[in-house]
4 protein chains.
Amino acid sequence: MNYRKVGKWGLKISELSLGSWLTFGNQLDLNATRAIVRYAVENGVNFIDTAEAYANGIAESMLGMILKEYRREDLVISTKIFWGGDGPNQKGLSRKHLLEGTWNSLKRLQLDYVDLLYCHRPDPEVPMEEVVWTMDQICRSGLALYWGTSEWSAEEIERAHQVAKELNCMPPIVEQPQYNLIVKERVEKEYAPLYQKYGMGTTTYSPLASGVLSGKYLEGIPQGSRLDRWPWLRKLLEERGIFEEETTRKLKRLKEIADGLGVTMSQLSIAWCLKNPNVSSVILGVSSLDQLKENLKAIEVKEKISDELYKELSEMF
Amino acid sequence: MNYRKVGKWGLKISELSLGSWLTFGNQLDLNATRAIVRYAVENGVNFIDTAEAYANGIAESMLGMILKEYRREDLVISTKIFWGGDGPNQKGLSRKHLLEGTWNSLKRLQLDYVDLLYCHRPDPEVPMEEVVWTMDQICRSGLALYWGTSEWSAEEIERAHQVAKELNCMPPIVEQPQYNLIVKERVEKEYAPLYQKYGMGTTTYSPLASGVLSGKYLEGIPQGSRLDRWPWLRKLLEERGIFEEETTRKLKRLKEIADGLGVTMSQLSIAWCLKNPNVSSVILGVSSLDQLKENLKAIEVKEKISDELYKELSEMF
Amino acid sequence: MNYRKVGKWGLKISELSLGSWLTFGNQLDLNATRAIVRYAVENGVNFIDTAEAYANGIAESMLGMILKEYRREDLVISTKIFWGGDGPNQKGLSRKHLLEGTWNSLKRLQLDYVDLLYCHRPDPEVPMEEVVWTMDQICRSGLALYWGTSEWSAEEIERAHQVAKELNCMPPIVEQPQYNLIVKERVEKEYAPLYQKYGMGTTTYSPLASGVLSGKYLEGIPQGSRLDRWPWLRKLLEERGIFEEETTRKLKRLKEIADGLGVTMSQLSIAWCLKNPNVSSVILGVSSLDQLKENLKAIEVKEKISDELYKELSEMF
Amino acid sequence: MNYRKVGKWGLKISELSLGSWLTFGNQLDLNATRAIVRYAVENGVNFIDTAEAYANGIAESMLGMILKEYRREDLVISTKIFWGGDGPNQKGLSRKHLLEGTWNSLKRLQLDYVDLLYCHRPDPEVPMEEVVWTMDQICRSGLALYWGTSEWSAEEIERAHQVAKELNCMPPIVEQPQYNLIVKERVEKEYAPLYQKYGMGTTTYSPLASGVLSGKYLEGIPQGSRLDRWPWLRKLLEERGIFEEETTRKLKRLKEIADGLGVTMSQLSIAWCLKNPNVSSVILGVSSLDQLKENLKAIEVKEKISDELYKELSEMF
């Protein structure tokens, strides 16, 4: 496993990492999760990502029970605050929710601190100084080592840096955006100036576009798969034209290339993400141990992607 | 129940909220208070206001016992520091009293932190930097999430913001002034520039002018009412001309309008306060569960106030 | 008892206060000390001053045992750090000694915090930024509410304020100098610009010039008196010409005036200190309950000093 | 024993001090270490230096057990963070490793704080603001009293001071470089501007160049000596030409001088280090009690080095 720096900063994370969205506490019970974490860590994964919102806190609670078997320094644990509940002050980036959300996440995780704490979305309703003051306080009091953002616009990230400078606060060091063969605009274009200017790292999620790039939906929606379990996700992809002929044609070409290299579509898609040097880690959201084993092999596939092939893949969707 | 932001800041409070001045520990014993808090919360009130001065700390102590039944994140609890006792250092906004007062209030409230901490009055005897340094320290050490002022002049609030900027401290975000059909100068005129400039919110108290606007004193002073219990309050209102013919005439006109809408004078008066968008929450100081039930209905009355009627009410006193 | 503000700051201290130098743990045992503290507090004294150096920490330890009988908010407790022991890092104002000294003083005092923490002398060997950073840290972490200096030059105090401003730190608010009819240069001349400019307060010690102004040494040195117990103190006074004819003549004139007013020399001398509005409190170092009772009456004597008499006293030595 | 200030700062350390590199937990077991610490402290050594890297933490653990016999204020304890283990985040100066390393070191040392915390090497992979923010946080939260660097270039130290000034953070106060008759460039030339400009102190290690200057390798490598135990050290010295004729000739001249003064080569070499006023303390890395006894006598030898002899020694290698 290779370890990459989070942008210019000192933290080092495995280039493939373990997510928990829709899996821990949903598709995976405690024992299955424990086995997956075990396999990932034994194969060099040191970064595990969760959020207060995942499975209504159960993802964090499961992780909390599992993490006791590991040495804290060996792991980089992140969580994200935004959706903590239904109450008027349990959502968003107010100082009240950021602090209460962090205190509650740490209790569920049974940890003294997380390594990374993300603002899970931007919150236009909260002044940037309120967010920056609070994230800085959380870092300086030792509840988190670094802070970051998730799905913020480049402009919002710029603003956070300006405010941090004005208030003598610690700035965000990392963004967590979606990134895959189909959705790549933000990481490649919108954020382009930020990598150099602020040394920003990225931990990207959804490398398979909710499973679409694995090819598993080419023959319809398998029972128990995400699109079967979560109609809202299916609808979202439908709206993006995922099931139209055009996309199906492209996916078949992707399969052709993968077959030619003797790898799976998933491995090829993940390997393509890894070729981007501005990606600090690709977060895998696996729903079985077999999927994890398959996807971790993407590291070896990376070397098989020639410049020419990289160009074709990058222009495919 | 609607929830409003406290000015531009991220905290959200119910537009009607529960005060404890003269009621908790005075007109209301522990059981009555518990029932009122229960009803308020079940009907969407999330903001409860108290102060170290109310019933010499008993209001806080009662609230502390009652709050154990609720989830902390569901509530916004505020207290205020200024009158903590008779000793030379138990009054005002000195660093000594602000810190000792806060530590003692939190003990009585059995809480780790309050959401809002108010400086209950301005203190011209204490340098503004002493106040701002201390309130900032209280917020950054997690004993309060935000701080505010109560009955400060616009000039004093401006000065607090300047000093906070100079010292890189967190500024106050909210004022707690009196506001009702009779007393409205400060909220509408004096503070006018502050709402935009600093995103200041207000939590207003005394929406019924100590019961006068409920009409209950039109036929004399009922036994057990506030003016019966507290001669100093009666005298204060007398000096304001509340019992003169002119006022009585206006109150009768108010009753006429209320009757015409099929609502009580109290509901109409509170609803009028709610029409002001610079009011974040109207604090109700009820002395019985029935009063609370009556007053909470003011929310529906708000819609019944036409622009024309709003104008008439605003110019009435 | 009158309470005065410490300069422009919010803390209020009794104009007569209780010191512990040479008395607690030396001339006074635990029971005698307890009785003196009791009498002082019952008669309105709210400020008690000690130091890590007094009786090698025993003054603080005694006070710690005694203070348990009082409510913390009713008292203003100060201690001073400089002479903590013989080791190379147990003396002076290094960050190491300031922090270790404070931690140890608080343990002896059995307190969570002192109200005032003094740098007991200037330390030219330590950079001012080291002192200011550390005192600021002690205040912001809640171990002391305010900090001050003792026997620093005006220039050193000025420098502390400059550095505090540069480093965004809390400045000293109070000086503790010697001040009496004989030694008055520093308080009246050297510090003159500081009162206005920084709102500096003073807590003055040695109002009787080690007993000289009480007249007790006019007939020789009584057994058990300070000059009898501490030869170094006797020598110091001898060098200042205290036992020369000139001084004896002046002391006799002082006695004449005191007799004329029907008060003691001590009361007159202390009352003269109280006439200076830049004095926040006069610290009494009594060695018996009777002395305390006598000296506390100085408050009433203050009114008996006419402008003319004040002038004569001020020019006497 | 003389005590020197660490540069311009308030901390005072014995001019000879005790290191633990290659000795505690390696050449010395717990009992031998305990005896050496005892002798050192009884002879005035107040500064003991260790590192998380020494004997993989065992040096710190041993010291932790031994330190319980001493009063904390009598000692100056330093440790260093950089090499904490093999994991991707257990090495270097990332915020994650600095904080986790410090927490773990303090646990092994069984201390609440160290007096000095060193960044054991520069880390070009970590932005200077990340290092400075974190060291400042460690100092302000009371885990370390002061921080320093070890084997940083003058340029890196300059940069740390600039960043500390920009971010209003506490700067490093001390460097720990190698310094002896053979290796002296950095201390004498490269750091020259820093002593005055920043009041930087130095605690220098390897005064005998890994034993070479003791003359013990003149007749080959004794069994159990460092060069016998650690081939990498032997190789390092070989590469520096330590075993070439030229060096041997110089060492024999050194022996001649030492013999002439009636002292050992070690004592003379250490005494030469002490002559440099920019050296705050010379750290001795003794592997036996006898060696400690011998080396501590270097203090008396210092006086025997005339200006002429100092010149000869300084130009010898």
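Residues numbered from 1 in each chain as written. Chains lettered and ligands numbered in written order. Predicted model: local features only at pLDDT ≥ 70, side-chain atom pairs only at ≥ 80, totals over all residues.

A. Just the overall build of chain A, in detail. Across its full length, chain A holds 14 helices and 10 strands. Relative to the globule expectation of 20 Å for 317 residues, the C-alpha radius of gyration of chain A, 19 Å, shows essentially globular dimensions. In terms of overall dimensions, chain A has a C-alpha envelope of 55 × 45 × 35 Å along the principal axes. Across the 317 residues that make up chain A, the buried fraction comes to 51%. Long-range contacts, defined as pairs at least 24 residues apart, comprise 77% of the intrachain contacts of chain A with a sequence gap of at least 6. (Helix = DSSP H or I, 4+ residues; strand = E, 2+ residues; numbered from the N terminus. Rg over C-alpha atoms; globule rule 2.2 N^0.38 Å. Buried ≥ 20, exposed ≤ 12 C-beta atoms within 10 Å, placed from the backbone. Contact = placed C-beta atoms within 7 Å.)

B. Fine view of the interface of chain A and chain D. Between chain A and chain D, the contact holds 18 residues from the first and 20 residues from the second. Mapped onto the side of chain A that touches chain D, the elements with two or more residues apiece are β1 (3-5) and β7 (144-149) of chain A. Partitioned by chemical class, the residues of the side of chain A that touches chain D number 7 nonpolar, 4 polar and 7 charged. (Nonpolar A, V, L, I, M, F, W, Y, C, P; charged D, E, K, R; others polar.)

C. Structural context of the environment of A:Pro177. Residues and elements named next belong to chain A. Here Pro177 shows up in the loop between β8 (174-175) and α6 (185-190). Along the sequence, Pro177 and Ser214 sit 37 residues apart, while their C-alpha atoms lie 20 Å from each other. Pro177 has contacts with Glu151, Arg186, Val187, Thr202 and Thr204, leaving out every residue within four places of it along the chain.

D. View of the relation of the copies chain A and chain D. Expressed as a screw operation, the relation of chain A to chain D combines 0.1 Å of axial shift with a rotation of 90 degrees, fitting to an RMSD of 0.0 Å. Such a combination of turn and shift is consistent with a four-fold rotation axis. Residue A:Asn168 of chain A places its C-alpha closer to the rotation axis than any other residue of that unit, at 5.7 Å. A low fraction, 6%, of the interface residues of chain A reappear at the interface in chain D, so the copies pair through non-equivalent surfaces. (Least-squares fit on C-alpha atoms with pLDDT ≥ 70 in both.)

E. Representation of the pairing of strand β7 (residues 144-149) of chain D. Residue and element names in this part refer to chain D. Across the 6 residues that make up β7, a large majority, 6, are buried. Summarising the sheet, strand β6 (residues 114-119) and β7 pair through 5 bridges and their orientation is parallel. If you follow Leu116 over to β7, its bridge partner there is Tyr146. On the question of chirality, the crossover connecting β6 to the parallel β7 by way of helix α4 (residues 128-140) is right-handed. (Pairing = 2+ DSSP bridges. Right-handed = clockwise from strand over helix to strand, strands pointing away.)

F. Region of interest: the nonpolar core. With 366 residues, the main nonpolar core has A:Ala144, B:Ala144, C:Ala144 and D:Ala144 as its most contacted residues. Look past the residues within four positions of D:Ala144 in its chain and what remains in contact with it is D:Tyr113, D:Val114, D:Leu116, D:Leu117, D:Ile138 and D:Cys139. (Core = buried A, V, L, I, M, F, W, Y, C linked by C-beta atoms within 7 Å.)

G. Main features of the interface of chain C and chain B. Facing 18 residues of chain C, the contacting portion of chain B comprises 20 residues. Where the side of chain C that touches chain B is concerned, the elements lending two or more residues are β1 (3-5) and β7 (144-149) of chain C. Each residue belonging to the side of chain C that touches chain B can be placed in one class, and the counts come to 7 nonpolar, 4 polar and 7 charged.

H. Inspection of the environment of A:Ile48 at higher detail. With respect to the element layout, A:Ile48 can be found in strand β4 (residues 47-49). Residues A:Ile48 and A:Trp272 lie 224 residues apart in sequence; the distance between their C-alpha atoms is 21 Å.

I. Summary view of the UniProt feature "domain: NADP-dependent oxidoreductase" (unreviewed entry) in chain A. UniProt records the feature "domain: NADP-dependent oxidoreductase" (unreviewed entry) for residues 15-314 of chain A in the present numbering. Secondary structure content for residues 15-314 of chain A is 46% helix and 11% strand, while the C-alpha to C-alpha distance between its ends is 20 Å. (UniProt positions renumbered as here; feature names shortened; annotations may be inferred.)

J. Region of the structure containing the confidence of the model for chain A. Per-residue confidence for chain A gives a mean pLDDT of 96; residues scoring 70 or more make up 100%. As a predicted assembly, this complex carries a pTM of 0.96 together with an ipTM value of 0.96. (pLDDT = per-residue confidence, 0-100.)

K. Region of interest: the pairing of strand β5 (residues 76-81) of chain C. Residue and element names in this part refer to chain C. Most of β5 is tucked away: 6 of the 6 residues are buried. Residues of β5 alternate between two faces, with Val76, Ser78 and Lys80 on one and Ile77, Thr79 and Ile81 on the opposite face, all of them buried. You can see the chain leave strand β4 (residues 47-49), run along helix α2 (residues 58-67) and come back into β5, and the turn it takes is right-handed. Judged from the 4 bridges that link them, β5 and strand β6 (residues 114-119) form a sheet pairing that is parallel. Residue pairing across strands places Lys80 opposite Tyr118, the latter belonging to β6. The parallel pair β5 and β6, bridged by helix α3 (residues 95-109), forms a crossover whose chirality is right-handed.

L. Representation of the relation of the copies chain C and chain B in the model. Once chain C is rotated about the relating axis by 90 degrees and shifted along it by 0.1 Å, it coincides with chain B to within an RMSD of 0.0 Å. Mapped onto chain B, only 6% of the interface residues of chain C again fall at the interface, so the copies present different surfaces.

M. Representation of unusual backbone geometry. Residues and elements named next belong to chain C. Within the chain, Ala209 stands out as a residue other than glycine whose phi angle is a positive 50 degrees. Turning to its location among the elements, Ala209 is positioned in the loop between β9 (201-204) and α8 (226-229). A positive phi angle, near 55 degrees, is found at Ser210, a position not held by glycine. Following the sequence through the fold, Ser210 ends up in the loop between β9 and α8.

N. A look at the arrangement of the chains. Separated in space, chain A and chain C share no contact, their closest pair of C-alpha atoms being 12 Å apart. Separating chain B from chain D is a minimum C-alpha gap of 12 Å, and the two share no contact.

O. Region of interest: helix α5 (residues 154-166) of chain A. All names here are of chain A. With 13 residues, α5 should cover 18 Å at 1.5 Å per step; its first-to-last C-alpha distance of 19 Å lies within 8% of that length. Residues Ile157, Ala160 and Ala164 constitute the buried set of α5. Mapping the buried residues of α5 onto a view down its axis gives an arc of 55 degrees, with all of them on the same face. Two residues or fewer past α5, Asn168 is found with a positive phi of approximately 55 degrees. (Expected span 1.5 Å × (residues − 1). Arc of directions from axis to C-beta.)

P. Seen up close, the environment of B:Asn168. With respect to the helices and strands, B:Asn168 occurs in the loop between α5 (154-166) and β8 (174-175). For B:Asn168, a count of 13 C-beta atoms within 10 Å corresponds to the partly exposed category. When the C-alpha atoms of B:Asn168 and B:Leu194 are compared, they prove to be 20 Å apart, with 26 residues separating the residues in sequence. Look past the residues within four positions of B:Asn168 in its chain and what remains in contact with it is A:Leu167, A:Asn168 and C:Asn168.

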